[in-house]
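Observations on the three-dimensional arrangement
Each chain is listed here by its residues.
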Amino acid sequence: RERYAKLTENGVLLTREQPVSTFSIDVDTGGYANLRRFLNQGRLPPKDAVRTEELINYFDYAFPQPRDRAQPLALTTELAPTPWNPHTQLLLVGLQGFVPAERPAANLVFLIDVSGSMDQPNKLPLLISAFKLLAGQLEARDRVSLVTYAGNAGVVLEPTPGDQPAKILGALEQLRAGGSTHGAAGIETAYRLAEQARLPEGINRVILATDGDFNVGTVNHEALIQLIEQQRAKGISLTTLGFGGGNYNDQLMEQLADKGNGNYAYIDTLREARKVLVDELAATLETIAGDVKVQIEFNPAQVTEYRLIGYENRLLAREDFNNDRVDAGEVGAGHRVTALYEITLAGQPPRIEPLRYGAAPIAAGETSATGGELAFLKLRYKLPGQGESTLISQAIATPTGLESASERLRFAAA
């Protein structure tokens, strides 16, 4: 009964016909941890559960750090031979987020599913242990609330300073699973508490922890998404944490986080909980750049074909890149994003049969100004609280030697 969004793998494109590739970045890692759950159980995952970009982006590739918060994203590119095809190359595009010295105060609402389906060791008990880890990272300036939902939504903990661990842990330890899932009512209550304790200069975030099985009450997902988008406009974001299996709704968890300007993680072990909620807490909570989009224009004189590996549900229309009203992904403090393109350089055997009545050959002198460029890379992002995006762009030079790849590119390719 698990649900996954249908994925159709990106195909190979002819540069002459479609030279521009545009997509929204993705920092979710839920796909990797969820896939690991299947493998640890001795099973192969469903095909649509394998989102390649989430497997790649689970790991840290030690990209160069940005210099300051004013330009919080740094770009890295590299080209090397493709391990699985002697006639193509892999182009790596890396994005590294700035790491502030201190995170802002946080107003967090834990929204916890305590329905009957959560009564399994890898669900509610693991969830409680995970949130205890997070509670241990909070300070007096932070605020924590706790809302549960199962049949009806209930407030277990009103907004409480983060330096009252006994009160917070006591609220977590009294949670018990039972009843049907009334997720919509829980989300509405959680957002009400988030507004009540709102920090104008801080982080305001609802953290939804569930197996994604919304089955009672308002299950109109469009209405839920509309609510989440309205709260997003008020500066309250949504992070989703997935637990368990059997009835797991991966599709909904990813979609809600995307619409809530948050991130989606899957917690299969306490070690994963520590990674997401302790080691990478700043990245999980604090957004340093919003609506981040990448656009690459390939030079047809150098690249005859290309395909983007992964990001199938993040593709954007070419015109969306310059449209600041089009929503895209967020980058948290210290987050990194890695994208791989498999490209065919001019002179290598093509994968697409040439047309009988194909395009005219490149005219003499056509590439004189840009002949040394492989592609042109553009990045757009918004600083927190800003409605207008900032543009970064750089040319990707054609390399002279392609004999070896860096350790980071070898690992990403693997």
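In the block above lies the structure referred to throughout.
About the thresholds
- Residues numbered from 1 in each chain as written.
- Predicted model: local features only at pLDDT ≥ 70, side-chain atom pairs only at ≥ 80, totals over all residues.
- Heavy atoms only, no water.
- Helix = DSSP H or I, 4+ residues; strand = E, 2+ residues; numbered from the N terminus.
- Buried < 20%, exposed > 50% of the residue type's maximum accessible area, 1.4 Å probe, protein only.
- Polar contact = N/O pair within 3.5 Å; in protein donor to acceptor, adjacent residues only side chain to side chain.
- Phe/Tyr/Trp six-rings, centres within 6.5 Å; stacked < 30°, edge-to-face > 60°.
- Expected span 1.5 Å × (residues − 1).
- Contact = heavy atoms within 4.5 Å.
- Pairing = 2+ DSSP bridges.
- Salt bridge = Lys/Arg side-chain N within 4 Å of Asp/Glu carboxyl O.
- Axes fitted to C-alpha atoms, helices over the stretch in contact; angles between N-to-C directions.
- Parallel < 35°, antiparallel > 145°, perpendicular 65-115°, else oblique.
- Core = buried A, V, L, I, M, F, W, Y, C linked by side-chain atoms within 4.5 Å.

With that settled, the discussion passes to the side chain of threonine 82. Its place among the elements puts threonine 82 in the loop between strand S3 (73-81) and strand S4 (89-97). With relative accessibility at 6%, the residue threonine 82 sits in the buried group. For threonine 82, the side chain forms a polar contact with the main-chain nitrogen of leucine 90, separated by 3.4 Å.

What follows concerns the packing of aromatic side chains. Tallied over the full model, the rule gives 13 aromatic pairs. Geometrically, the ring pair formed by tyrosine 32 and phenylalanine 59 is edge-to-face, given 5.2 Å between the ring centres and 85° between the ring planes. Remark: phenylalanine 59 occurs in the loop between helix H2 (52-56) and S3 and tyrosine 32 occurs in helix H1 (residues 30-40); sequence separation between them is 27 residues. On the basis of relative accessibility, which here comes to 25%, the residue phenylalanine 59 falls in the partly exposed class. Residues phenylalanine 298 and tyrosine 341 carry aromatic rings whose centres are separated by 5.3 Å and whose planes lie at 70° to one another, so their mutual orientation is edge-to-face. Placement of phenylalanine 298 in strand S11 (residues 287-298) and of tyrosine 341 in strand S14 (residues 336-345) is noted, with a sequence separation of 43 residues between them.

A few words on helix H6 (residues 221-233). Between its terminal C-alpha atoms H6 stretches 18 Å, which fits the 18 Å expected from 13 residues at 1.5 Å a residue. Once H6 finishes, glycine 235 follows within two positions and takes phi at roughly 90°, a positive value.

Of all the 11 residues making up H1, 8 are buried; the element is thus mostly covered by neighbouring parts of the structure. Elements that come into contact with the buried residues of H1 comprise H2, helix H7 (250-259), strand S10 (264-266) and helix H8 (270-279). Trailing H1 by a residue or two, glycine 42 shows a phi angle of about 75°, which is positive.

The next thing to look at is unusual backbone geometry. Although it is not a glycine, asparagine 261 adopts a positive phi angle of roughly 55°. Residue placement: asparagine 261 occurs in the loop between H7 and S10. Positioned with a positive phi, tyrosine 311 is a non-glycine residue whose angle comes to about 60°.

With that settled, the discussion passes to the sheet that holds strand S1 (residues 13-14). With antiparallel pairing, 5 strands are arranged side by side in an open sheet as S1-S12-S14-S4-S3. What marks the edges here is a single partner per strand, and that holds for S1 and S3. Taken together, the 6 bridges between strand S12 (residues 303-309) and S14 define a ladder with antiparallel strand orientation. The residue bridging isoleucine 309 from the neighbouring strand is leucine 340, located in S14.

Right, let's talk about the pattern of salt bridges for a bit. Applying the stated criterion across every chain, the model contains 25 salt bridges. Across the pair arginine 314 and aspartate 28 runs a salt bridge, and its minimum N-O distance is 3.0 Å. Here aspartate 28 lies in the loop between strand S2 (20-24) and H1 and arginine 314 lies in the loop between S12 and strand S13 (329-332), a separation of 286 residues in the sequence. Taken individually, arginine 314 and aspartate 28 each receive the classification buried, so the pair is uniform in this respect. The partner of lysine 234 in a salt bridge is glutamate 195, and the shortest N-O contact between them spans 3.5 Å. Here lysine 234 is found in the loop between H6 and strand S9 (237-242), whereas its partner glutamate 195 is found in helix H5 (residues 183-196), with 39 residues between them in sequence. A network of salt bridges, in which partner residues are shared, links Asp26, Asp28, Arg51, Glu54, Asp250, Glu254, Asp258 and Arg314.

Right, let's get into the pairing of S13. Alternating residues of S13 divide into Gly329 and Val331 and Glu330 and Gly332, and every residue in both groups is buried. Sheet analysis places S11 next to S13, joined by 3 bridges and oriented antiparallel. Within S13, the residue paired with threonine 287 across the bridge is glycine 332.

With that out of the way, let us pick up the pairing of S14. With 10 of its 10 residues buried, S14 lies for the most part within the structure. As judged from the 8 bridges shared by S4 and S14, these two strands associate in the antiparallel manner. From the neighbouring strand, glutamine 96 faces S14, where its bridge partner is arginine 336.

Interaxial distance between helix H3 (residues 124-135) and helix H4 (residues 165-173) falls to 10 Å at its minimum, and their mutual angle equals 170°. Put simply, H3 runs roughly antiparallel to H4. The segment H3 lies against H4, with Ile128, Phe131, Lys132 and Ala135 engaging Ile168, Leu169, Leu172 and Glu173.

Turning our eyes to something else, we now look at the nonpolar core. Phe110, Ile112, Phe131 and Leu241 are the most contacted members of the largest nonpolar core, which totals 37 residues. Contributing elements (two or more residues each) for this core: strand S5 (106-113), H3, strand S6 (143-150), H4, strand S8 (203-210), H8 and helix H9 (281-285). At 9 residues, H3 tops the list of elements feeding residues into this core. Other than its neighbours up to four places away in sequence, leucine 241 contacts Phe131, Ile207, Leu208, Ala209, Thr210, Met253, Ala265, Ile267, Val276 and Leu277. Core analysis: the second largest hydrophobic core is formed by 34 residues, Val93, Val337, Ala339 and Tyr381 among them.

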